[in-house]
Amino acid sequence: MSTLSELIPSGGTQNNIEFVAQGTLANGQTVALRSDGKVEAVTQTSVTGSLGTGVEFEAAGTRDLAAAYSVEDNKYLVIYTDQGDSNKLKAVVGTPSGTNTLSFGTPVAVSSNPNQYQASKGCSYDATAKKIVVSFSDAGNNQYLTTFVATISGTSVSFGAATILNSATSNYVHSFYHAGAGKTCVVASLLSSGLLRTCTVGSTAITSSTAANFSSSQTEYTASCYESKNALGVIYFHRSSTDYPMVRGFTLSGETATFGTEDTLVSEKAGTSSIVYDVKNDYACIIMNYITGSSAVNTCQSIGVRFSSNGSVASKTSVTQVFAANANTGANAIAYDTAGESVYASFYNSSTQIVNQMAFSSNAYTVGTAITWSGSGSTNYPPALAFNSNNFTLGGFYRFGSSSGRGAAYIVPRLSTNASSFIGITNAAISSSATGEVAVKGGLSTGGNLLPYAPVATSKVVVESTSGSWNSAVFDSNSNKIAISYSSDNTSGRCAIGTVSGSSVSFGTPVEFSSSRVTWVSSAFDSSNNKIVIVYRDYGNNGYGTAIVGTISGSSISFGTAVTFASTVTNYSNAVFDSSNNKIVITYEDASNSYPGKAVVGTVSGTSISFGATATFDSNLLYNATSTFDSSNNKVVVAYEDTNNSSYFYAIVGTVSGTSISFGSKVLFNGVTSSGSQNIKCAFDSNAQKVVIIYQESTNGPSAAIVGTVSGTSISFGSKSTVGTTGHSTYQAICFDSNLNQVVFSYLDNTNSLGRVAMGTVSGTSISVGTPITINSANISYVNSVFDSTANKTVQFFRDASSSPYPTTGMVIDVTNTLTIGSTYYVQDNGTLATTSSSTKAGKAISTTALNLVDPT
């Protein structure tokens, strides 16, 4: 077919075409055209990398490697010391082929002088001059700081005349390109100071250079990088007097450097180091060798440093040991994948060269699964990494065994997208395999579902002016009211009825459902009997698990008689309504009998409730249990922490039959130790027909969300998404907005002591999460949220630490997603629309709810 109009089925029009959906599509979903003529959501999917075969570029002994990638030439340039030729500095051109193959030209001498094993060399690509700059300490010329400009031609390289940047002893040379100033920066350690040279690169030589000292005393082990957020240069070094690692940022005006305050990273001895700027997480990621313990063994540590605009340190991550204690990790290298937004580090571990994709979580950098490059090597000789931005591969160059030099290419793991096949935007939700209408290119997309939904906080409303905790909210669709149950002053259990009007919520007088202290409060609405069921741990009855039935009338609620559902001390009690069986399902931890996870089915009759037999879903010690009901599969899904299995997180599917419940096998969804995570919460997305879980992904880590698909008596999971913050978060809550088909996340941002809310969109087995907003400028706890399907509003509840005595507080969350008239919108890799430029233009907004899609011609 040659034109878009040939796609039009009978009865269609050119601007609105009916397509068959591959997968369920939401209203306002950007869609891509498949080869079979169907449309699917524009999404990102994970791609796994593969390791290429190591290729020899030097037969003699090599050491002290450095490398850079020339975007202009699509070539790598590798420099190294040739031990088989008087230790001269050599260079060789590497040509990438495909995604994991390298070939090399003939090595040439950069300088005829012997290099005497200078361990640190600079090799960086200057994007202004479109040249690679080589810098080193020339041992054949009094160890002067010397540079050459390389010109690559085919598989060979030539060099212009040498430029001496410092006529004195210089060591530990490093270089990087300062994109903000368009200059190459060279750093070196001197006998009495640390030197920075800012250089203007010409076609064959440095045409000018300005000197500055970044340290007034002797330095060693310099490394440097460019920080793009604040247009800073960053220099890592350590004081030779203490051997402590230091870092310092600087701004450039022309070639003039202005330094921020230097910072001691840790008061420990450190040696060889590498540094790169992690754009995604806004940290300069540093790996450095510690000299630790009585045996002075080198162990590799990692740290991230964030800077202020003046070059001073704003914050630092935790220092994390990359490998096990006493593992001799030796020299290292680091690179950043701009497309996949990941940091990669390479190490010699004992005698093996490995590369790792660095992970960032819990305010720290760690490494993933080690990838072993072909062959082995020595711990004493630095490898080199360079990222190929043309075909997204990582070139790794290393000494092979005790002799030759080798290089290998590795296509790095990243997310791919089908955004380039964007064809239009759905006019309404389309079920999988069903036919629905899409506004295609050249047409007009309307309806208000065009942009990612952004939450908006409204005014806070106090439920009761007492200290509140253990909040649980539920919506009664019969009375169109919200019931918020909580522990009041830790002396009694109360429930208040809320009414949403516009962007505000008001509450009636709280009614006591327990005259004794209560904890682990949870509630559910039984739509078959139009009753509220509240479950809790009753301190007035030995801490037993207790349930009570409530009936809403106007702005108040009345209760029947409390019933014990478990004659044992209960924790983590949670209630959900099974609408297929018209039963209340309660899950809990049996704190009197080694803390297993148990469940019981309740039947409401009038103002009372009765229970069937108790079932155990996990006999291990259990924490943080939560549950939701999957109404598409008619199953109860329980998520929890199993402390007998490294505090990993699991989910299990329950099936109700009569007054009993049975369970399938538990399924792991977070294999990271997560003890102390406060809670897990889950909800059912009835549009995508998926279970969504929010949890703390590691101890003291950020919130994460994951999508679960129920099949029979089991559940499977997609990949996780971080929710909002990369810092420490707790007190997670979740609900589903069935009007907008959005998942609403809320949590405490412990790093900044703020209450936050963010919106999430499920697509397939993944979820994309928007930017969070602040809903409270102080700590929040006991967070809970509920969706009012009559008012089409989410109401957020939390204990508010900004107001003594920390009362339970409610707040309506409004949502916006309007277009900016006249602005051009682009399809992002994950399928969302934004004014951020991408390779796929969607169109221009002609109103706050209408997007004129680009004409394909």
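Keep in mind it's a predicted model, so treat the numbers as computed, not measured. (Residues numbered from 1 in each chain as written. Predicted model: local features only at pLDDT ≥ 70, side-chain atom pairs only at ≥ 80, totals over all residues. Heavy atoms only, no water.)

1. With respect to the overall build of the chain
- Counting secondary structure elements, the chain contains zero helices and 79 strands.
- Pairs at least 24 residues apart make up 52% of the contacts formed inside the chain by residues separated by at least 6 positions.
- For the chain, the computed accessible surface area is about 30,000 Å², with 43% contributed by carbon and sulfur atoms. (Helix = DSSP H or I, 4+ residues; strand = E, 2+ residues; numbered from the N terminus. Contact = heavy atoms within 4.5 Å. Areas by Shrake-Rupley, 256 points an atom, 1.4 Å probe, with all protein chains shown as cover.)

2. Here we look at the pattern of salt bridges
- Considering all chains together, one arrives at 19 salt bridges under this definition.
- Asp282 is paired through a salt bridge with Lys229; the nearest N and O atoms lie 3.2 Å apart. With Asp282 in the loop between β26 (270–278) and β27 (283–292) and Lys229 in the loop between β21 (219–227) and β22 (232–239), the pair connects residues that are 53 residues apart, well separated along the chain.
- Judged by relative accessible area, which is 57%, Lys229 ranks as exposed.
- The closest approach of N and O atoms between Arg248 and Glu262, which form a salt bridge, is 3.8 Å. With Arg248 in strand β23 (residues 245–253) and Glu262 in the loop between β24 (256–259) and β25 (263–264), this residue pair connects regions lying 14 residues apart in the sequence.
- Looking at Arg248, the relative accessible area reads 18%, which means it is buried.
- When salt bridges that share partners are traced, they join Asp82, Asp85, Lys88 and Lys90 into one network. (Salt bridge = Lys/Arg side-chain N within 4 Å of Asp/Glu carboxyl O. Buried < 20%, exposed > 50% of the residue type's maximum accessible area, 1.4 Å probe, protein only.)

3. Some words on the nonpolar core
- Among the nonpolar cores identified, the biggest contains 34 residues, and Ile532, Ile534, Phe617, Tyr640, Ile661 and Phe663 are the most heavily contacted of them.
- No other element matches strand β49 (residues 518–526), which puts four residues into this core.
- In contact with Ile661, not counting residues within four places along its chain, are Val585, Ala599, Val601, Ala615, Val636, Gly654, Thr655 and Val656.
- Judged by nonpolar contacts, the second largest core, of 18 residues, contains Ala223, Ala270, Tyr277 and Ala284. (Core = buried A, V, L, I, M, F, W, Y, C linked by side-chain atoms within 4.5 Å.)

4. Overview of the packing of aromatic side chains
- This structure, assessed with the given rule, holds 30 aromatic pairs.
- Between Trp470 and Tyr782, the aromatic rings sit 4.9 Å apart at their centres with planes inclined by 50°, giving tilted as the arrangement. With Trp470 in strand β44 (residues 461–476) and Tyr782 in strand β73 (residues 780–788), the pair connects residues that are 312 residues apart, well separated along the chain.
- An aromatic cluster is present here, built from Phe57, Tyr69, Tyr76, Tyr80, Phe104 and Phe397 joined pairwise through their rings.
- In this structure, Arg306 packs its charged tip against the face of Tyr283, placed 4.0 Å from the ring centre.
- Positioned above the aromatic ring of Tyr539 is the side chain of Arg517, whose terminal nitrogen or guanidinium carbon lies 4.3 Å from the ring centre. (Phe/Tyr/Trp six-rings, centres within 6.5 Å; stacked < 30°, edge-to-face > 60°. Lys NZ or Arg CZ within 6 Å of the ring centre and 35° of its normal.)

5. Some remarks on the environment of Thr81
- Along the polypeptide, Thr81 turns up in strand β8 (residues 75–82).
- Residue class for Thr81 comes out buried when judged on its relative accessible area of 0%.
- Separated by 40 residues in sequence, Thr81 and Lys121 have C-alpha atoms that sit 9.9 Å apart.
- A distance of 3.1 Å separates the side chain of Thr81 from the side chain of Lys121, its partner in a polar contact. (Polar contact = N/O pair within 3.5 Å; in protein donor to acceptor, adjacent residues only side chain to side chain.)

6. Section: the pairing of strand β71 (residues 766–769)
- Pairing between strand β70 (residues 754–763) and β71: four bridges, direction antiparallel. If you follow Thr761 over to β71, its bridge partner there is Ser768.
- Between β70 and β71, which follow one another and run antiparallel, lie two residues, and Gly764 among them has a positive phi close to 65°. (Pairing = 2+ DSSP bridges.)

7. Quick notes on the confidence of the model for the chain
- In the predicted model, the chain carries a mean pLDDT of 87, and the fraction of residues at 70 or more is 89%.
- Low pLDDT, under 50, characterises residues 1–13; the predicted model gives this stretch 14 contacts beyond four residues in sequence or across chains.
- Across residues 324–328, where pLDDT falls below 50, the model places 14 contacts with residues more than four positions away in sequence or in other chains. (pLDDT = per-residue confidence, 0-100.)

8. A short note on the side chain of Glu227
- Among the structural elements, Glu227 can be located in strand β21.
- There is no salt bridge for the buried Glu227, and the closest opposite charge comes from Lys229, which lies 6.9 Å off by N-O distance.
- Among the polar contacts listed, one links the side chain of Glu227 to the backbone nitrogen of Asn230, at a separation of 2.6 Å.
- If sequence neighbours within four positions are ignored, Glu227 has contacts with Leu232, Val234, Tyr277, Asp282 and Phe307. (Lys, Arg positive; Asp, Glu negative; His and termini not counted.)

9. Observations concerning the sheet that holds strand β42 (residues 444–446)
- If you walk across this open sheet you meet the five strands as β42-β79-β78-β76-β77, and the pairing is antiparallel. Each edge of the sheet is formed by a strand with only one pairing partner; in this case those strands are β42 and β77 (833–834).
- Of the pairings in the sheet, the one linking β42 to strand β79 (residues 850–853) comprises three bridges and is antiparallel in character. Considered in β79, the bridge of Leu444 is made with Asn852.

10. Focus: the sheet that holds strand β3 (residues 39–41)
- The strand order β1-β41-β40-β2-β3 describes an open sheet built from five strands, whose pairing is antiparallel. Strand pairing shows two members of the sheet lacking a second neighbour, β1 (16–20) and β3, which therefore form its edges. Mean inter-strand twist for the sheet, computed between neighbouring axes without regard to direction, equals 50°.
- The sheet contact formed by strand β40 (residues 422–426) and strand β41 (residues 435–440) spans three bridges and is antiparallel. Looking across to β41, one finds that Gly424 is bridged to Val440. (Axes fitted to C-alpha atoms, helices over the stretch in contact; angles between N-to-C directions.)

11. Things to note about unusual backbone geometry
- Here Ser804 and Pro805 are connected by a cis peptide whose omega angle stands at 5°.
- Its place among the elements puts Pro805 in the loop between β74 (793–800) and β75 (807–816).
- In the Ramachandran plot, Asn480 falls in the positive-phi region, its phi being about 60° despite a non-glycine side chain.
- A positive phi is found at Ser594, a non-glycine position, where the angle reads about 70°.

12. So, the environment of Cys185
- Relative to the elements of secondary structure, Cys185 occurs in strand β18 (residues 183–190).
- A C-alpha to C-alpha distance of 5.7 Å links Cys185 and Arg197, two positions 12 residues apart in sequence.
- The residues touching Cys185, leaving out its near neighbours within four places in the chain, are His174, Ser175, Phe176, His178, Leu196, Arg197, Thr198, Phe250 and Leu252.

13. Re the environment of Lys90
- Tracing the backbone shows Lys90 in strand β9 (residues 88–97).
- On the accessibility criterion, Lys90 (10% relative accessible area) is buried.
- Taking the C-alpha atoms as reference points, Lys90 and Tyr80, 10 residues apart in sequence, are found 5.5 Å from one another.
- There is a polar contact of 2.7 Å between the side chain of Lys90 and the side chain of Asp82.

14. Re the side chain of Asp749
- Along the chain, Asp749 falls in strand β69 (residues 742–749).
- By relative accessible area, Asp749 is classed as buried at 1%.
- Polar contacts involving the side chain of Asp749 include one to the main-chain amide nitrogen of Thr751, which spans 3.1 Å.

15. What about the state of the cysteines?
- Under the counting rule described, the total for this entry stands at zero disulfides.
- In this structure Cys185 is a free cysteine whose sulfur lies 7.5 Å from that of Cys199, the closest cysteine sulfur available.
- A residue is classified by how much of its surface remains accessible, and Cys185, at 0% relative accessible area, is buried. (Disulfide = S-S within 2.5 Å.)

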